[in-house]
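# Geometric and topological summary
What follows is the residue order along each chain.
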Amino acid sequence: MKKIGILGSTGSIGTQTLDIVRHNRDDLHVVALAAGSNIGLLEEQIREFHPLYAAMWNEEAARELRVKVADIPVKILSGIEGLIEISTLPDIEMLVTAIVGMIGLRPTIAAIKAGKDIALANKETLVTAGHIIMPLVKKLGINLLPVDSEHSAIFQSLVAESPDTISKILLTASGGPFRGKITAELPGKTKNDALRHPNWAMGQKITIDSATLVNKGLEVIEAHWLFDIPAEQIKVIIHPQSIIHSMVEFVDRGIIAQLGIPDMKLPIQYALFYPERKPLKGESVDFTAIQTLTFENPDTETFKGLPLAYKALADGGSMPTVYNAANEKAVSLFLQDKIGFLDIYEIIEGAMNQHKIIPSPNVEEILTVELETYRYINAIQ
């Protein structure tokens with residue numbers, strides 16, 4: 001039985017991870033859970049899965065949770081210290097990092113140093129600190145398994161393949177809810193418009209990121225670090241049906257792809273049980289019903305989130321942190337109806353243009369750059 005901890009257990013990835021645990025109780029045991037602010041759902045999860053530890057980001061929320069679960073033998077922790085304690089528990093073999101935002105960085109590094117395998121769903125970890133994380137992973141010999149459907153697809157396509165045979169990575173994208181729109185059609189688009197993703201059921205931020213193509217930009221940066229591939233060998237292709245989750249082209253021009261219905265449970269379960277495959281309930285791809293799979297180039301003039309990501313990666317150092325932080329703040333403002341959809345790009349580009357790059361930032365410098373980016377955006381609003 002594999003013992004796991006889940007950071008971000010009440011979010012989309014976290015709840016789907018627990019659903020997999022629910023159907024594999026003989027193989028998976030939850031030792032610890034952590035959430036941001038959803039006290040009610042975390043209480044339900046504690047009562048169902050009986051973890052020994054649980055954490056809330058906010059201490060006040062943790063105090064309330066302690067009262068609610070006083071009848072259960074579970075230790076309630078809080079804050080960054082609580083997340084780090086959970087991440088380094090001796091009983092945990094694998095940590096699922098599904099927590100959103102930069103708060104996942106320190107716990108992930110702590111877990112790696114403690115020898116835990118990582119099922120990675122926190123984009124910020126590699127986007128901002130790939131230069132720290134990947135050497136550490138290699139040095140300590142732990143498994144870092146991607147949970148993103150695209151990176152899982154690439155990982156699966158590379159099984160038994162030598163890295164030096166890769167010609168390029170073909171990273172697929174649905175195109176989001178505004179695919180086919182031009183810039184003149186985007187002013188006035190609301191958060192409700194942007195949250196209508198055609199294929200995937202995801203959290204609000206990642207859904208907006210899909211609409212701007214920032215999500216794909218973040219995935220390009222992640223792919224660079226995960227697979228040690230230069231940016232010029234990572235090509236984004238719009239694939240509206242979301243059946244091909246990504247592909248790898250090799251030096252002999254052969255291409256291996258991973259296909260499946262748009263369902264995050266497959267990459268989550270693959271990471272949890274790697275290198276084994278387990279049965280997974282749900283639909284299979286019916287090619288006769290689909291009949292057609294289509295592909296197109298991304299519109300990088302309209303959807304600037306993608307070219308800005310390539311620029312951030314080319315600039316290197318602390319610039320990807322600025323890209324990520326500026327987008328996070330801009331999306332928050334958009335979801336609060338304080339800015340328009342196209343303003344997201346202006347905020348990201350403005351933050352990047354004013355930043356003085358730190359060539360190889362440490363964790364403290366990364367977190368400082370994030371705060372400075374937030375301050376810059378607050379000052380211009």
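Read on for an overview of the structure. From a predicted model like this one, the values you see are computed outputs, not experimental measurements.

With mixed pairing, four strands are arranged side by side in an open sheet as β9-β8-β10-β11. Edge positions in the open sheet fall to β9 (234-238) and β11 (255-259), since each of these has one partner strand only. Ignoring strand direction, the axes of neighbouring strands in this sheet form an average angle of 20°.

A separate point is the packing of aromatic side chains. Each aromatic ring pair is characterised by the separation of its centres together with the angle its planes make. Tallied over the entire structure, the rule returns six aromatic pairs. When the ring of Phe 178 is compared with that of Phe 341, the centres are 5.0 Å apart and the planes differ by 90°; the resulting orientation is edge-to-face. Separated by 163 residues along the polypeptide, Phe 178 in the loop between β8 (166-173) and α8 (191-194) and Phe 341 in the loop between α14 (319-335) and α15 (343-354) bring together distant segments of the chain. Summarising the burial analysis for this pair, Phe 178 and Phe 341 share the class buried. Relative to Tyr 274, the ring of Tyr 270 lies with its centre 5.8 Å away and its plane at 55°, an arrangement referred to as tilted. Note on Tyr 270: relative accessible area 9%, which makes it buried.

The next thing to look at is α14. Between its first and last C-alpha atoms α14 spans 24 Å; for 17 residues at 1.5 Å apiece the expected length is 24 Å, and the two agree. Among the 17 residues of α14, 15 are classified as buried, and the element is accordingly described as predominantly covered. Once α14 finishes, Asp 337 follows within two positions and takes phi at roughly 65°, a positive value.

So, about the side chain of Ser 157. Inspection of the secondary structure puts Ser 157 in helix α7 (residues 149-157). Residue class for Ser 157 comes out buried when judged on its relative accessible area of 2%. Among the polar contacts made by the side chain of Ser 157, one reaches the main-chain carbonyl oxygen of Ile 256 at a distance of 3.5 Å. Setting aside chain neighbours within four positions, we find Ser 157 in contact with Ser 246, Val 248, Phe 250, Ile 256, Ala 257 and Gln 258.

One broad trend across soluble globular proteins is that nonpolar side chains are buried collectively. Ranked by internal contacts, the top residues of the largest apolar core, which has 82 residues, are Ile 133, Leu 144 and Tyr 323. Element by element, the count of residues in this core is highest for α14, at nine residues.

Let's shift gears to the sheet that holds strand β7 (residues 144-146). Backbone-to-backbone hydrogen bonds join strands into a sheet, with any given pair of strands oriented parallel or antiparallel. Strand order in this open sheet of seven strands is β4-β3-β2-β1-β5-β6-β7, and the pairing throughout is parallel. Strands at the two margins of the open sheet, each flanked by one partner only, are β4 (75-78) and β7. Neighbour to neighbour, the strand axes of the sheet diverge by 20° on average, direction disregarded.

Attention now goes to the layout of surface pockets. There is about 350 Å³ of room inside the second largest pocket. Around the second largest pocket sit 17 residues that line it, and Gly 260, Leu 266, Leu 280, Glu 283 and Ser 284 are the ones nearest its centre. Examining the composition of the lining of the second largest pocket, we find that three residues originate from one element, helix α11 (residues 265-273), more than from any other.

What follows covers the side chain of Asp 209. Within the secondary structure layout, Asp 209 lies in helix α9 (residues 204-212). Within the structure, Asp 209 has its side chain in polar contact with the side chain of Lys 205 (distance 2.6 Å). Those residues in contact with Asp 209 that sit more than four places away from it in its chain are Val 214, Asn 215, Leu 218, Asn 327 and Val 331.

The next subject is the packing of helix α1 (residues 12-22) against α11. Viewed as axis vectors pointing N to C, α1 and α11 meet at an angle of 60°, and their least axial separation amounts to 10 Å. At the point where α1 passes α11, the crossing takes the right-handed sense. Packed against α1, whose contacting residues are Ile 13, Gln 16, Thr 17, Asp 19 and Ile 20, the element α11 presents Lys 265, Ile 268, Gln 269, Leu 272 and Phe 273 at the interface.

The next subject is the pattern of salt bridges. Enumeration over the complete set of coordinates arrives at 22 salt bridges. Residue Arg 47 pairs with Glu 43 through a salt bridge whose shortest N-O separation is 3.1 Å. Taken together, the positions of Arg 47 and Glu 43, both in helix α2 (residues 39-49) and four residues apart, correspond to about one turn of that helix. Residues Asp 315 and Lys 311 are paired through a salt bridge, measuring 2.7 Å at the closest nitrogen-oxygen approach. In this pair, Asp 315 and Lys 311 both sit in helix α13 (residues 305-315), four residues apart, roughly one turn of the helix. For Lys 311, a relative accessible area of 38% puts it in the partly exposed group.

Each value, and the rule that gives it
Every chain begins its residue count from 1, and numbering advances along the sequence as written. Under the rules for a predicted model, residues below a pLDDT of 70 receive no local features and side-chain atom pairs below 80 are neither given nor counted, while totals for whole chains, interfaces and linings still include all residues. Remark: hydrogens and water are excluded; side-chain values derive from all non-hydrogen atoms of the structure. Two strands are counted as paired when DSSP detects at least two bridges linking them. Numbering of helices and strands runs from the N terminus; a helix is a DSSP stretch of H or I covering at least four residues, while a strand is a stretch of E covering at least two. For helices, the fitted axis covers only the stretch in contact; all axes are lines through C-alpha atoms, and the angles between them, taken along N-to-C directions, range from 0 to 180 degrees. Any two rings among Phe, Tyr and Trp, with Trp reduced to its six-membered ring, count as a pair given centres within 6.5 Å; such a pair is stacked if its planes are under 30 degrees apart, edge-to-face if over 60, and tilted if neither. Summary of the burial criterion: residues with accessible area below 20% of their type's maximum are buried, those above 50% are exposed, and those between are partly exposed, where the area comes from a 1.4 Å probe applied to protein chains only. Expected span of a helix: the number of residues minus one, times 1.5 Å. Two N or O atoms count as a polar contact when they lie within 3.5 Å, although within protein this holds only if one can serve as hydrogen donor and the other as acceptor, and sequence-adjacent residues are included solely when both atoms are side-chain atoms. Residues count as neighbours in contact if any of their non-hydrogen atoms are within 4.5 Å of one another. Only buried residues count toward a nonpolar core, which is a set of Ala, Val, Leu, Ile, Met, Phe, Trp, Tyr and Cys residues joined through side-chain atoms within 4.5 Å. A cavity, in this analysis, means grid points on a 1 Å lattice covering only the protein atoms where a 1.4 Å probe fits yet has no way out; a pocket is instead an open set bounded by protein on both sides within 12 Å along at least five of seven lines, and a residue lines either one if it has an atom within 4 Å of a point. Grid points are joined across faces, edges and corners, and a volume is the space filled by probe spheres set on the points. In this scheme, a crossing is called left-handed if the near helix is turned counterclockwise away from the far one by less than a right angle; it is called right-handed if the turn is clockwise. For salt bridges, the criterion is a side-chain nitrogen of Lys or Arg within 4 Å of an Asp or Glu carboxyl oxygen.

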